[in-house]
Amino acid sequence: MTHSGGFNRHCGKTVSAIVFLCMNQQYSSTLLEKAVDEFAKLPGVGRKSAMRLVLHLLRLDVPAVDSFASAITTLRHDVKYCRVCHNISDTDVCQICASPSRDASVICVVENIRDVMAIESTTQFHGLYHVLGGVISPMDGIGPSQLEIESLVERVEQGGVDEVILALSSTMEGDTTNFYIYRKLSKFSDLIVTTLARGMSINDELQYTDEITLGRSIVNRVPFTGKN
Ligand SMILES: [Zn+2]
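Conventions adopted
- Residues numbered from 1 in each chain as written.
- Predicted model: local features only at pLDDT ≥ 70, side-chain atom pairs only at ≥ 80, totals over all residues.
- Helix = DSSP H or I, 4+ residues; strand = E, 2+ residues; numbered from the N terminus.
- Buried ≥ 20, exposed ≤ 12 C-beta atoms within 10 Å, placed from the backbone.
- Contact = placed C-beta atoms within 7 Å.
- Core = buried A, V, L, I, M, F, W, Y, C linked by C-beta atoms within 7 Å.
- pLDDT = per-residue confidence, 0-100.
- Pairing = 2+ DSSP bridges.
- Right-handed = clockwise from strand over helix to strand, strands pointing away.

J.: Quick question: what am I supposed to make of the overall build of the chain here?
T.: Along its length, the chain carries ten helices and seven strands. The buried share among the 228 residues of the chain stands at 25%. Looking at the chain alone, contacts between residues at least 24 apart form 54% of all its contacts between residues at least 6 apart.

J.: So what exactly am I meant to see when it comes to the nonpolar core here?
T.: As a rule of thumb, soluble globular proteins bury nonpolar side chains together. C108, V109, V110, I119, Y129, L166 and A167 are the most contacted members of the largest nonpolar core, which totals 33 residues. At the level of elements, β3 (103-110), α7 (113-120), β4 (127-131), β5 (163-166), α9 (172-185) and α10 (211-219) are the ones that each hand at least two residues to this core. Residue contributions to this core peak at four residues, all from β3.

J.: Could you clarify how one ought to interpret the confidence of the model for the chain in this entry?
T.: The predicted structure's coordinates, where accompanied by low pLDDT, should not be read in detail. Looking at the chain as a whole, the pLDDT averages 86, with 83% of positions reaching at least 70. Least confident of the elements in the chain is helix α1 (residues 3-9), whose mean pLDDT is 44; most confident is β4, at 98. In the model, residues 1-11 has pLDDT below 50 throughout and makes eight contacts with residues more than four positions away in sequence or in other chains.

J.: Honestly, the pairing of β3 in this entry has me stumped. Any pointers?
T.: Each regular strand shows side chains that alternate between the opposite faces of the sheet. As judged from the five bridges shared by β3 and β4, these two strands associate in the parallel manner. Within β4, the position partnered with I107 by the bridge is L128. For the segment spanning β3, α7 and β4, crossover handedness is right-handed. Here β3 pairs with β5 via four bridges, running parallel. For V109, the partnering residue across the bridge sits in β5 and is L166.

Here it is in structure tokens:
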């Protein structure tokens, strides 16, 4: 008899038995334990939450779980990143970079894809993006060469860019990265380098700032001086 068959037939009874066993750090099934282990690897998910999610999946019918698993696998296998801005995309060049209605003379530099989504949701920015893929963090072993900084310099070198907005989070790592990029771009004498007006408190990460404040800080951006 498989364990999954057991869950389907005696769901209520089995679930309470699992919860009891879990509290005692034991699992009645290695399949269950493995699934909980995998969910518990996700950020912000402890073993208790992992167990709750796994039990939820067990209550779903098989096609629903297949669809869930397939979405994750397909995402990981087929995901593409825009070759221009490194935003997530289904195509070689993302919709934002390909859009004729966007202002290609302004590039907003962000840490990750969530920041692009946060800024897009403000509807206040009509330029293009450049996704670095992180920030310089010696503690985590992340140096400039692991980020998309050189490709940003190349984009500016190609011409047609009047302004680069540094929109990284106001953490120490964000500030270090801003300054590094600012130095790299200083050779372009006609280029304006700006940063977000700080309507948010220090250490707020960009994606957690509310839309109105973020939108306002983009519209009211200020020249980057290295001391912002
Ligand atoms: Zn793009």
